[in-house]
Amino acid sequence: MHLVGVSISTMPQLRTLVLCLSMTTALTACSGSSSGGGDGVTNAGDSNQPTTDPVNPDAPDVNPGDEPTAGPPVNPNPEPPAALAPLPNPATSESPGFDDEPSNINRPVTAITRYFLVENPARRIEPQPTLGITETDFATGMPPAVITAENGFDTSTNSAPYFDGLTNQEIDAGQVLNVLYKPVDDDGGLPGMFPNELPESATFTDNFDGTKTFSWMPLQGDIGITPFTVTAVDGDVPSYRAEQTILIKVNAPADPSTIPNFPPVVNEVREHTVRVGDPVLLELKGSDRNSTYPSVEVLTPPPGATVLPHYIFEEITVLRFIPETPGVINIDVLARDADDPNLTGTRTISVTAEPKEAFALPGERLRALAGERGFRLGFAAVQEFYYRPDGALYSDLAGLEFNIVSAENSMKWDYINPEPGTFRWADADNLIAFAKHYNHIVHGHPMIWHRQLPIWIREAPEASLEMHMREFIDRLAVRYGDDVAIWDVINEPIADEGGFRRSIWYNAMGEDYIDIAFRQARDSDPDGILLLNEYDIAWDTPKTETLFPLLDSLLLKSTPIDGVGFQLHIDANFDKFDEVEANFQKVADLGLDIYVTELDVAITAGVATEEDQATVYARILDICLNQPRCKALQIWGFTDQYSWRRDQNPLVFDSAYKPKPAYFALQERLAQ
Ligand code: XIL
């Protein structure tokens, strides 16, 4: 969707000339004079446009070394910088083709009846292997321990704890491995210890003599090298720790029948609340520790239920039914071993159907209240919500409540383009179909990030990364430019301790990657609103000390950036509202727009309440509404059922789709 407006943000800005040190040499604040304004209406590309005469006659002289003052920095170069070289032809990696095009879903396998959905070509793509540990790594011996201590602790005064006699291990699948963990500290005292994630079915038990035993029977699926980490904690200084990893090499036994066959299990399906009259889809799958797939049988199908195959994964059985009356529906499901039909496992899956009226919401919808102010209020849509048991309810509630939607995962590189020349567009296409149906604008997220990258990119030669980056931006923008209003062009470029994050992008191109990415995005989608999105920058952190000089330097280079996305993954005890207000203002003073892109407010049980959470939501909304440059507030999800921080119920609807105090707090503030 193109918003009205003309892109002028690439034009040189004629403002008072200031000096700004290059980002390469130092992250130093740049200073300017006039301040940008905002009209409260989201217009593509208007963010760098000064609302007053661009030449401010009252601007004070600014000398190098002066305290920075608010105001956009000035590009001392009156010529626009050289355009990016054209993208290579043929492309560096294979371009999307007709064989990547999704097709309409013509079978009753989704929860959605109101708009058309598509599916990817039925091409199975195996999950990406994690970057491998090699035989050479194993042969090199146990990796060195990683020693950590609190800042300021002098590690030369105290020796770190370690594990006595620990080494790498080698075993055949089907055998039991026992490893004794005996932490010692040469300074005396008894160190503690805790394991990182255990392999499935492994145990780590206390021997009540200061030692613990790791015990594991690896099976067929474990053949290869598995790292296992235990942290030893100094007896005197608890922050002084040694993280020790061992490598466990599991071999295939000469006689495969020596590996015992365990019964399969039916994979867990969490409890769901659905609406009477909506189609409910349950994707059922079993798993077996020997890496075969059990067959799945529905023992107690609900009335009228049908069983359908999944369009890609033969091991998934789709159960579809439409609950006609309210109540709890229990479905018994059985998994049968692929090798031995007498080996089975069962599970009961529970779905609660409630009548339509149970989901009626009091008062006005948030989108109506937001719309009256020309404001955007939104959510991030969980990937493939339309295949979920409660997909119809999810779609209707979010569709009618909000007016802007982000892609939580469906536009990420590892999903869209998992292998060179393979593109999975369907999920993003479907998100746009949802948005069109409910009249939302779409926030594309993210173009360039250091996480959720496909392995072929993580392993690509450094010299090829610039073109891969530009091509990916171009492919997203060309396909979705007409439908996506806002892009997170760069996500999370700043390290937690400040400075640039040493991502593959930074390592390949230095800080220039940011400028190049924005230019490519502008070239490929001239009307898109282009954001830099980051976490922990709304209050003062080491990251903000990098953010503001970075923004200054981008503006000086006429980088086509329109605004800053503030992620805001916070908790219900959050109280730095004054800093949020001030940092929003600093961004506004640069002539940039502000988007709250990923707000969620975690509740730590016993520490904070839903009321505390509501207060935080309302305060953030309040700050945004009071700031003319703040164009949208987007929640990272809307129902706790599908939050990435689900344990801490951070969203505004509960897992059963009932509004929480936070919902009413937003409603009340929007109505003011
Ligand atoms: C998260 C998603 O919510 C999860 O489902 C996924 O497993 C990991 O990514 N900052 C971002 C988002 O920019 O893309 C992240 O989303 C949350 C943090």
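Residues numbered from 1 in each chain as written. Predicted model: local features only at pLDDT ≥ 70, side-chain atom pairs only at ≥ 80, totals over all residues. Heavy atoms only, no water.

**Quick look at empty space enclosed by the protein**
As a reminder of what qualifies: Grid points spaced at 1 Å over the protein atoms alone were grouped into cavities, where a 1.4 Å probe fits but cannot get out, and pockets, open sets with protein on both sides within 12 Å along at least five of seven lines, with lining residues defined by an atom within 4 Å of a point. Grid points are joined across faces, edges and corners, and a volume is the space filled by probe spheres set on the points.
Counted by the stated rule, this structure contains 4 cavities of 30 Å³ or more. There is about 50 Å³ of room inside the largest cavity. In terms of lining, the largest cavity is formed by R107, V109, E283, P309, H310, Y311, V318 and Y387.

**Thoughts on the nonpolar core**
Proteins that are soluble and globular tend to have nonpolar side chains buried together. Rules: Only buried residues count toward a nonpolar core. Its members are Ala, Val, Leu, Ile, Met, Phe, Trp, Tyr and Cys residues joined through side-chain atoms within 4.5 Å. Only protein chains enter the accessibility calculation, which uses a 1.4 Å probe; a residue is then buried when its area is under 20% of its type maximum, exposed when over 50%, and partly exposed in between. To qualify as a helix, a DSSP run of H or I must reach at least 4 residues; to qualify as a strand, a run of E must reach at least 2; elements of each kind are numbered from the N terminus.
Of all hydrophobic cores here, the largest spans 126 residues; its most connected members are F385, I448, W505, L568, F584 and I620. If you tally residues by element for this core, the top one is helix α12 (residues 610–625), at 9 residues. L166, L177, Y181 and F214 belong to the second largest nonpolar core, which has 20 residues in total.

**Comments concerning the environment of P129**
Threshold: Any pair of residues with heavy atoms lying within 4.5 Å of one another is described as a contacting pair.
For P129, the position within the fold is in the loop between β2 (118–119) and α1 (135–140). Between the alpha carbons of P129 and P454 there is a distance of 10.0 Å; along the sequence they are 325 residues apart. Ignoring sequence-local partners within four residues, the contact set of P129 consists of I455 and R458.

**A closer look at the sheet that holds strand β20 (residues 327–336)**
Note the threshold: Two strands are counted as paired when DSSP detects at least two bridges linking them. Convention adopted: a line fitted to C-alpha atoms gives each axis, helices being fitted over their contacting stretch, and angles between N-to-C directions are expressed from 0 to 180 degrees.
Here we have 4 strands laid out as an open sheet, ordered β14-β21-β20-β17, and mixed in their pairing. One side of each edge strand has no neighbouring strand; the edge strands of this open sheet are β14 (272–275) and β17 (295–298). Neighbouring strand axes in the sheet, compared pairwise and without regard to direction, differ in orientation by 35° on average.

**Overview of the site of the ligand**
Keep this limit in mind: Here a residue counts as near a molecule or strand whenever at least one of its heavy atoms sits within 4 Å of it. For this analysis, a polar contact is any N or O atom pair within 3.5 Å, provided that within protein one partner can donate a hydrogen and the other can accept it, and provided that sequence-adjacent residues contribute only side-chain to side-chain pairs. Areas reported here follow the Shrake-Rupley algorithm with a probe of radius 1.4 Å; residue values treat only the protein chains shown as occluding. Any residue outside Ala, Val, Leu, Ile, Met, Phe, Trp, Tyr, Cys, Pro, Asp, Glu, Lys and Arg is labelled polar, Gly included; the first ten of those are nonpolar and the last four are charged.
Inspection of the region around the ligand gives 13 residues, with E408, K412, H445, N491 and E598 positioned closest. A distance of 2.7 Å separates an oxygen atom of the ligand from a polar atom in the side chain of K412. Within the side chain of Q452, a nitrogen or oxygen atom sits 3.1 Å from an oxygen atom of the ligand. Computed on the free molecule, the ligand has an accessible area of 420 Å², of which 83% lies beneath the protein chains in the complex. Its residues placed into classes, the shell around the ligand shows 3 nonpolar, 6 polar and 4 charged.

**A word on the pairing of β20**
In summary, the side chains of a regular strand alternate between the two faces of the sheet. Relative to β20, β17 runs antiparallel, the two sharing 4 bridges. In the strand pairing of β20, V296 is matched with A335. Alignment of β20 against strand β21 (residues 344–354), held across 10 bridges, turns out to be antiparallel. Note that in β21 the partner of L334 across the bridge is T346.

**Things to note about the packing of helix α7 (residues 465–480) against helix α9 (residues 512–524)**
Operational definition: Every angle not falling under 35 degrees, over 145, or within 65 to 115 is termed oblique; those three ranges are roughly parallel, roughly antiparallel and roughly perpendicular. The sense of a crossing depends on the near helix, which, turned anticlockwise from the far helix by less than a right angle, makes the crossing left-handed and, turned clockwise, makes it right-handed.
Their axes nearest at 9 Å, the elements α7 and α9 cross at an angle of 30°. It follows from the interaxial angle that α7 and α9 lie roughly parallel. For the element pair α7 and α9, the recorded crossing hand is right-handed. Two secondary-structure elements touch here, α7 through E466, M469, R470, I473, D474 and A477 and α9 through Y513, I516, A517, Q520, A521 and S524.

**Side note on the layout of surface pockets**
Quantified by volume, the largest pocket comes out at close to 1,300 Å³. Looking at which element gives the most residues to the lining of the largest pocket, the answer is strand β15 (residues 280–284), with 4 residues. Put simply, the second largest pocket is a space of about 570 Å³. Lining the second largest pocket are 26 residues, with E200, G221, D222, R289 and S291 positioned closest to its centre. Per-element tally for the lining of the second largest pocket: the top contributor is strand β11 (residues 224–233), with 4 residues. Broken down by class, the residue content of the lining of the second largest pocket amounts to 12 nonpolar, 9 polar and 5 charged.

**Quick look at helix α5 (residues 426–438)**
The condition that has to hold: Here a helix's expected span is defined as the number of its residues, less one, multiplied by 1.5 Å.
For α5, which comprises 13 residues, the first-to-last C-alpha distance of 18 Å matches the rise-based estimate of 18 Å (1.5 Å per residue) to within 8%. Buried residues dominate α5, accounting for 10 of its 13 residues. Within the sequence span of α5, burial applies to A426, D427, A428, D429, N430, L431, I432, F434, A435 and Y438. Positioned one or two residues after α5, N439 has a phi angle of 60°, which is positive.

**Quick notes on the environment of Y657**
Tracing the chain through its elements places Y657 in the loop between β30 (630–635) and α13 (661–671). A C-alpha to C-alpha distance of 9.5 Å links Y657 and A358, two positions 299 residues apart in sequence. When neighbours within four sequence positions are excluded, Y657 is seen to be in contact with T273, F359, D390, L393, Y394, L397, F638, T639 and Y642. A polar atom in the side chain of Y657 sits 2.8 Å from the side chain of D390.

**What about the sheet that holds strand β6 (residues 177–181)?**
Either a parallel or an antiparallel arrangement is found when strands of a sheet pair, and the pairing is made through backbone hydrogen bonds. Strand order in this open sheet of 3 strands is β6-β10-β9, and the pairing throughout is antiparallel. Single-partner strands in this sheet number two, and they are β6 and β9 (203–206). The mean angle between the axes of side-by-side strands here comes to 20°, regardless of whether they run parallel or antiparallel. Relative to strand β10 (residues 212–216), β9 runs antiparallel, the two sharing 4 bridges.

**Topic: the side chain of E119**
Within the element layout of this structure, E119 appears in strand β2. A polar contact of 2.5 Å, which involves the side chain of E119, links it to the side chain of R107. Setting aside residues no more than four positions away along its own chain, E119 makes contact with P102, S103, I105, R107, Y311, Y387 and A426.

**Quick look at the packing of aromatic side chains**
Convention followed: Each aromatic pair joins two rings of Phe, Tyr and Trp (for Trp, the six-membered one) with centres within 6.5 Å, and gets the label stacked for planes under 30 degrees apart, edge-to-face for over 60, and tilted for any other angle. For a Lys NZ or an Arg CZ to count as sitting over a ring, it must be within 6 Å of the ring centre and within 35 degrees of the ring normal.
Counted under the stated rule, the structure contains 34 aromatic pairs. Ring geometry for F385 against F434: centres 5.5 Å apart, planes inclined by 70°, an arrangement best described as edge-to-face. Of the two residues, F385 sits in the loop between β22 (376–381) and α3 (391–401) while F434 sits in helix α5, which places them 49 residues apart along the sequence. Overall, the relative accessible area of 2% leaves F385 in the buried class. For F434, a relative accessible area of 0% corresponds to the buried category. Its end group placed over the ring of F577, R619 keeps NZ or CZ at 4.3 Å from the ring centre.

**Some thoughts on the confidence of the model for the chain**
Close inspection of predicted coordinates is inappropriate in any region flagged by low pLDDT. Condition: Residue-level confidence of the predictor is summarised by pLDDT, bounded by 0 at the bottom and 100 at the top.
Scored by pLDDT, the chain comes out at a mean of 89, with 88% of its residues at no less than 70. Confidence drops under a pLDDT of 50 for residues 1–70, and excluding neighbours within four residues, the segment shows 149 contacts in the predicted structure.

**Describing the environment of V274**
Along the polypeptide, V274 turns up in strand β14. What makes V274 buried here is its relative accessible area of 2%. It is 9.0 Å that separates the C-alpha atoms of V274 and Y657, two residues lying 383 residues apart in sequence. Setting aside anything within four residues of it in sequence, one finds V274 in contact with V280, P323, V351, T352, A353, E354, F359, P389, D390 and L393.

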